[in-house]
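Chain by chain, the residues run as shown.
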Amino acid sequence: MQVGPTQDVKGLKLRIGMIAGWLIKMTPPCNRIVKLVSEGMDHPLPLGTRVKIRLHFLVCKWCERYKQQLVFIRSAMHQHPDKLMGQEPSAGLSAEARERLKQVLRQRQAQ
Amino acid sequence: MAPEALSDPQGWLDLHGDYLYRFALLRTREASIAEEMVQETFLAALQARGRFAGQSTERSWLVGILKHKIVDHFRKVAREIPTDDIERLCAGEDADGPFDQDGHWKLDQTAPLDWPDHPGAAVERKQFWDVLKRCLGELPPRMAQAFTLCEVDEVSTEDICEMLKMTPNNLWVVLHRARKHLRGCLEVHHFGLRVA
């Protein structure tokens, strides 16, 4: 009867499971992690906190994904700031505003 | 190479008016204020015309002036912002919607999903920006302002705090809530992965 390898795999899985469970318990819960991830984008976090976030990512791909998505939104906005501005004509100056501005400019230039 | 010369101020309105207005509107979120900012920019530019060194294009020179005007505007109105306005934005714990009682994601309901065509292709789609604009519009104005100043203009935390009369802690909470909302909103409305 061949039992060796299967038992090894089982044992390994068990141990990984235990470590993962322990990491989940030892690191802050996801609702704290998402807050810290965001804060980390605004100011440097203490080393201990950064380590905790890293460890949490090892066992929680959702929080890691959350972070990647925030970083993606940030870089998209950095790289294409103009795309956030309305492009359609209605997002521009209204005809009245344009007229007002024209008057003001003309007056000032005449002075 | 001859330095760039300014065009006739009479033409500024047609050349740059709309662009400057949209730029200001994105940040101030109020049409009348955006219009005022454009006017002040043109007037200041008219006065400073002689000092234009030709090292940048006319437009980026005007945008530079406009940025200063917007910062000045935020500083000026900061004194009038009622403190409870800010406190309300930061008050309370986050609604624990996406998390279970242990603070973990509800796996089959709220955990962040894998976004298709993220990161590259999405930004090339107009629909992505339309949705992002709409999601940004759903935020309370002050939260949207803080977020835009931080993520689009890369204004430092200290400066945003001064401009919007917030403490750094308040600002971090506000930015966190803005990002959380935008991420979720994009997931539903752009990537179409969940039902709203």
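Given the structure is predicted, the values throughout are model-derived calculations rather than measurements. Numbering of residues starts from 1 in every chain and runs along the sequence as written. Here the convention is simple: chains get letters from A, ligands get numbers from 1, in the order in which they are written. Only residues with pLDDT of at least 70 get local features here, since the model is predicted, and only at 80 or more are side-chain atom pairs given and counted; chain-wide, interface and lining totals rely on the full set of residues.

### Describing the overall build of chain B
Helix and strand counts for chain B come out as eight helices and zero strands. Along its sequence from the N terminus, chain B presents helices and strands in the succession α-α-α-α-α-α-α-α. Put simply, a residue is buried when 20 or more other C-beta atoms lie within 10 Å of its own C-beta and exposed when 12 or fewer do; between those, it is partly exposed, and each C-beta is set from the backbone. Residue burial in chain B is summarised as follows: out of 196 residues, 35% are buried. Throughout, a pair of residues is in contact if the C-beta atoms placed from their backbones lie within 7 Å. Partitioning the intrachain contacts of chain B with sequence separation of at least 6 by distance along the chain shows that 66% fall at a separation of at least 24. Secondary structure elements follow DSSP: runs of H or I of four or more residues count as helices, runs of E of two or more count as strands, with numbering from the N terminus.

### Description of the overall build of chain A
Tallying secondary structure elements over chain A gives five helices and zero strands in all. For chain A, the α and β elements follow one another from N to C terminus as α-α-α-α-α. Taking 111 residues into account, the globule formula puts the C-alpha radius of gyration at 13 Å, and chain A, at 28 Å, lies well above it. Sorting the 111 residues of chain A into buried and exposed places 21% on the buried side. In chain A, the proportion of contacts linking residues at least 24 apart, taken out of those at least 6 apart, comes to 67%. When we talk radius of gyration, it's over C-alpha atoms, and the globule rule is simply 2.2 Å times the number of residues to the 0.38.

### Brief notes about the interface of chain B and chain A
At the interface, 41 residues of chain B touch 37 residues of chain A. Looking at the side of chain B that touches chain A, the elements with two or more residues in it are α1 (12–28), α2 (31–48), α5 (126–137) and α8 (168–189) of chain B.

### Details of unusual backbone geometry
Residue and element names in this part refer to chain B. Notably, Glu-154 is not glycine yet its phi reads approximately 55 degrees, a positive angle. Structurally, the position occupied by Glu-154 is in the loop between α6 (141–151) and α7 (157–164). For Lys-165, which is not glycine, the phi dihedral falls at a positive 55 degrees. On the basis of neighbour count, Lys-165 is assigned to the partly exposed category, with 19 C-beta atoms found within 10 Å.

### Concerning the domain arrangement of chain B
Residues and elements named next belong to chain B. In terms of domain boundaries, chain B breaks down into domain 1 (9–78) and domain 2 (83–189). In this complex, domain 1 contributes seven residues to the contact, which on the side of domain 2 involves nine residues. When residues of the side of domain 1 that touches domain 2 are traced back to their parent elements, those giving at least two are α1 and α3 (58–78). Top element by residues in the side of domain 1 that touches domain 2 is α3. It accounts for four residues. Segmentation into domains, and thus their bounds, comes from an automatic or database assignment.

### Topic: the environment of B:Arg49
All names here are of chain B. Within the fold, Arg-49 resides in the loop between α2 and α3. Residue classification places Arg-49 among the exposed positions, given that 10 C-beta atoms sit within 10 Å. Sequence spacing of Arg-49 and Glu-151 is 102 residues, and the spatial spacing of their C-alpha atoms is 31 Å.

### Thoughts on the confidence of the model for chain B
Overall, the prediction assigns chain B a mean pLDDT of 84, with 90% of residues at 70 or greater. The ipTM for the predicted assembly is 0.81, set against a pTM of 0.81. A residue's pLDDT is the predictor's confidence in that residue, given on a scale from 0 to 100.

### A word on the nonpolar core
Generally speaking, a soluble globular protein has its nonpolar side chains buried in company with each other. All names here are of chain B. Joined through C-beta atoms within 7 Å, a set of buried Ala, Val, Leu, Ile, Met, Phe, Trp, Tyr and Cys residues constitutes a nonpolar core. Ala-24 and Ala-146 are the most contacted members of the largest nonpolar core, which totals 67 residues. For this core, the domains that each give at least three residues are domain 1 (9–78) and domain 2 (83–189). Sequence-distant contacts of Ala-24, defined by excluding residues within four places in its chain, comprise Ala-34, Met-37, Val-38, Leu-66 and Ile-70.

### Structural notes on the packing of helix α4 (residues 61–79) of chain A against α8(B)
It is the contact of α4(A) with α8(B), at a shortest axis distance of 10 Å, that shows an interaxial angle of 95 degrees. Of the possible angle classes, the one that applies to α4(A) and α8(B) is roughly perpendicular. Of the residues in α8(B), those in contact with A:Tyr66, A:Gln69, A:Leu70 and A:Ile73 of α4(A) are B:Arg179, B:Leu182 and B:Arg183. Residues of the contact of α4(A) with α8(B), tallied by class, amount to four nonpolar, one polar and two charged. Structural elements are reduced to axes, namely lines fitted to C-alpha atoms, with helices fitted over the stretch in contact, and the angle between N-to-C directions of any two is expressed from 0 to 180 degrees. Note on terminology: angles under 35 degrees are roughly parallel, angles over 145 are roughly antiparallel, angles of 65 to 115 are roughly perpendicular, and the others are oblique. Lys, Arg, Asp and Glu make up the charged group, whereas Ala, Val, Leu, Ile, Met, Phe, Trp, Tyr, Cys and Pro make up the nonpolar group; the residues left over, Gly among them, are polar.

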